[in-house]
Amino acid sequence: MQITVYNPQKGRLETIDAEFTKDNTTWFGKCGNTNDVSMIADIAGDILIRAFDYSYPFMIYGVSRSDIDFDQRKAKQLRRQYE
């Protein structure tokens, strides 16, 4: 499916093709704050980080879920670096 993401490396929105499966996606159930990370996914060697709000997910090059140990807190820190 096509999804619009924010690409901080390019400084713009772009549309990508992404499939979210149990093999490439980690969902986090404990989200109480709008800036909490609700999902991370591996997409073509990069990571997609979605916050628990209506903002666009962030696509960050060269990082995978395993690089951040599938950790919600580390994903939030990584996203903050690019905001």
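Details of the structure are given in the entry above.
Residue numbers here run from 1 along each chain, matching the order of that chain's written sequence. Owing to the predicted nature of the model, reporting of local features is limited to residues with pLDDT of at least 70; listing and counting of side-chain atom pairs is limited to 80 or more, with chain, interface and lining totals taken over all residues. As a rule here, side-chain values cover all heavy atoms of the structure and leave hydrogens and water aside.

## Considerations on helix α1 (residues 72–82)
Note on exposure labels: buried denotes an accessible area under 20% of the residue type's maximum, exposed denotes more than 50%, and partly exposed covers the range between, all computed with a 1.4 Å probe on protein chains only. Note on conventions: DSSP H or I runs of at least 4 residues are helices, E runs of at least 2 residues are strands, and numbering of each starts at the N terminus. Every buried residue of α1 is accounted for by A75, K76, L78 and R79. Buried residues of α1, viewed axially, fall in a sector of 165°; they line one side. In α1, the exposed positions angled more than 90 degrees off the buried face are occupied by R73, R80 and Q81. The contact rule is simple, with two residues in contact once any of their heavy atoms fall within 4.5 Å. The elements touched by buried residues of α1 are β4 (37–43), β5 (46–51) and β6 (58–60). Put simply, D71 is the residue that caps the front of α1, since its side-chain oxygen is 2.9 Å from the backbone nitrogen of R73. It is the directions from the helix axis to the C-beta atoms that the arc portrays. Counted as a polar contact is a pair of N or O atoms within 3.5 Å, where, for protein atoms, one must be capable of donating a hydrogen and the other of accepting one, and residues adjacent in sequence contribute only when both atoms are in side chains.

## With respect to the nonpolar core
Judged by nonpolar contacts, F28, C31, V37, I40, I47, I49, F58, I60, V63, I68, A75 and L78 together constitute the single largest core of 12 residues. Residue assignment for this core shows that the elements contributing at least two residues are β4, β5, β6 and α1. Those residues in contact with F28 that lie beyond four places of it in its chain are V37, S38, M39, I40, F70, D71 and Q72. Among the buried residues, those of types Ala, Val, Leu, Ile, Met, Phe, Trp, Tyr and Cys that are joined through side-chain atoms within 4.5 Å form a nonpolar core. Among the nonpolar cores identified, the runner-up in size contains nine residues, and I16, M39, I43 and L48 belong to it.

## Quick notes on unusual backbone geometry
Trans is the common state for peptide bonds, and a negative phi is the common state for residues other than glycine. If you check the backbone angles, A44 has positive phi at about 50° while not being a glycine. Residue placement: A44 occurs in the loop between β4 and β5. A positive phi is found at D69, a non-glycine position, where the angle reads about 60°. Inspection of the secondary structure puts D69 in the loop between β6 and α1.

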